[in-house]
Amino acid sequence: MAGNITFTMVKPDAVEANNIGPILAKINQGGFRILAMKYLRLTPEQAGQFYAVHKERPFYGELVSYMSSGPIVAAVLQKDNAVADYRKLIGATDPTKAEEGTIRKLFAKSIAANAVHGSDSDENANIEADFFFSKLERF
Ligand code: IDP
Ligand code: MG
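Values in this document were obtained by computation on a predicted structure and should not be read as measured data.

What counts and what doesn't
Residues numbered from 1 in each chain as written. Chains lettered and ligands numbered in written order. Predicted model: local features only at pLDDT ≥ 70, side-chain atom pairs only at ≥ 80, totals over all residues. Heavy atoms only, no water. Helix = DSSP H or I, 4+ residues; strand = E, 2+ residues; numbered from the N terminus. Rg over C-alpha atoms; globule rule 2.2 N^0.38 Å. Contact = heavy atoms within 4.5 Å. Areas by Shrake-Rupley, 256 points an atom, 1.4 Å probe, with all protein chains shown as cover. Lys, Arg positive; Asp, Glu negative; His and termini not counted. Charge placed at Lys NZ, Arg CZ, Asp CG, Glu CD. Buried < 20%, exposed > 50% of the residue type's maximum accessible area, 1.4 Å probe, protein only. Pairing = 2+ DSSP bridges. Near = heavy atom within 4 Å. Polar contact = N/O pair within 3.5 Å; in protein donor to acceptor, adjacent residues only side chain to side chain. Nonpolar A, V, L, I, M, F, W, Y, C, P; charged D, E, K, R; others polar.

> Would you mind going over the overall build of the protein with me for this structure?
What the protein contains, in helices and strands, is 7 helices and 4 strands. Scanning the protein from its N terminus toward the C terminus, one meets helices and strands in the order β-α-α-β-α-α-β-α-α-β-α. Relative to a compact globule of 139 residues, whose C-alpha radius of gyration would be 14 Å, the protein shows 14 Å and is just as compact. Dimensions of the protein, computed from C-alpha atoms along their principal axes, come out at roughly 40 × 35 × 25 Å. Within the protein, contacts between residues at least 6 apart in sequence are counted, and of these 76% link residues at least 24 apart. For the protein, the exposed area adds up to about 7,400 Å²; of that, 53% sits on carbon and sulfur atoms. Averaging the coordinates of the 16 positive side-chain charges in the protein and doing the same for the 16 negative ones gives two points 3 Å apart.

Shown next as structure tokens:
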């Protein structure tokens, strides 16, 4: 199936709230195909490495401890225009600013605990997918 990829995580708040299923349903309804998926808990070191681009931001410490506070679901998604279309499906970083019907509007608790991650470029989608998945784990 043609199309490019994006990378997502269902973050600890959404896992804790039992929203893995509803979020995966929104992803499938949005026309995304799941190419890879795993359920795991990041160590603080792994979360710090994943979010290294945000090292200088004031919320980095909070983000790293939050993202290692419980299990997450990581997945690679495929669709035409995957990165932009997925950002549209998840909505703004701050759920109070997210459009109605978006995943963050429906499921996020706060700007930090905002239910899901979505890649911001094709380049980062590939870097992030490679961080979590070997070639053998991608279909
Ligand atoms: P994005 O996830 O919408 O791409 P980024 O700016 O890349 O947003 O920020 C990465 C993550 O850092 C966010 O998803 C959120 O969990 C957290 N974050 C962003 N801004 C803030 C903030 O102002 N306070 C606390 N956490 C934040
Ligand atoms: Mg981002």
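> What's the story with the side chain of Asn 19 in this structure? I'm lost.
On the secondary structure map, Asn 19 appears in the loop between helix 1 (12-16) and helix 2 (20-29). For Asn 19, the residues in contact, after removing those within four places along its chain, are Ala 14 and Phe 107.

> What's the story with the pairing of strand 1 (residues 4-10) in this structure? I'm lost.
Looking along a regular strand, one sees side chains alternate from face to face of the sheet. Counting buried positions along strand 1 gives 6 out of 7 residues, so the element sits mostly inside the fold. Here 3 bridges tie strand 1 to strand 4 (residues 116-118), and the two strands are oriented antiparallel to one another. Of the residues in strand 4, the one forming a bridge with Met 9 is His 117.

> Looking at this structure, how should I read the environment of Ala 125?
Tracing the backbone shows Ala 125 in helix 7 (residues 122-132). With 33 residues separating them along the chain, Ala 125 and Ala 92 place their C-alpha atoms 18 Å apart. Apart from the residues within four sequence positions on either side, Ala 125 is in contact with Ile 5, Thr 6, Phe 7, Val 83 and Ser 119.

> How do you make sense of the site of ligand 1 when you look at a structure like this?
Lys 11, His 54, Arg 57, Phe 59, Glu 62, Leu 63, Arg 87, Thr 93, Arg 104, Ile 111, Ala 112 and Asn 114 make up every residue found near ligand 1. Interatomic distance of 2.9 Å between a side-chain N/O atom of Lys 11 and an oxygen atom of ligand 1. Thr 93 places a polar side-chain atom, nitrogen or oxygen, 2.5 Å from an oxygen atom of ligand 1. The residue inventory of the shell around ligand 1, partitioned by class, reads 4 nonpolar, 3 polar and 5 charged.

Shape is all these values report; function is a separate question.
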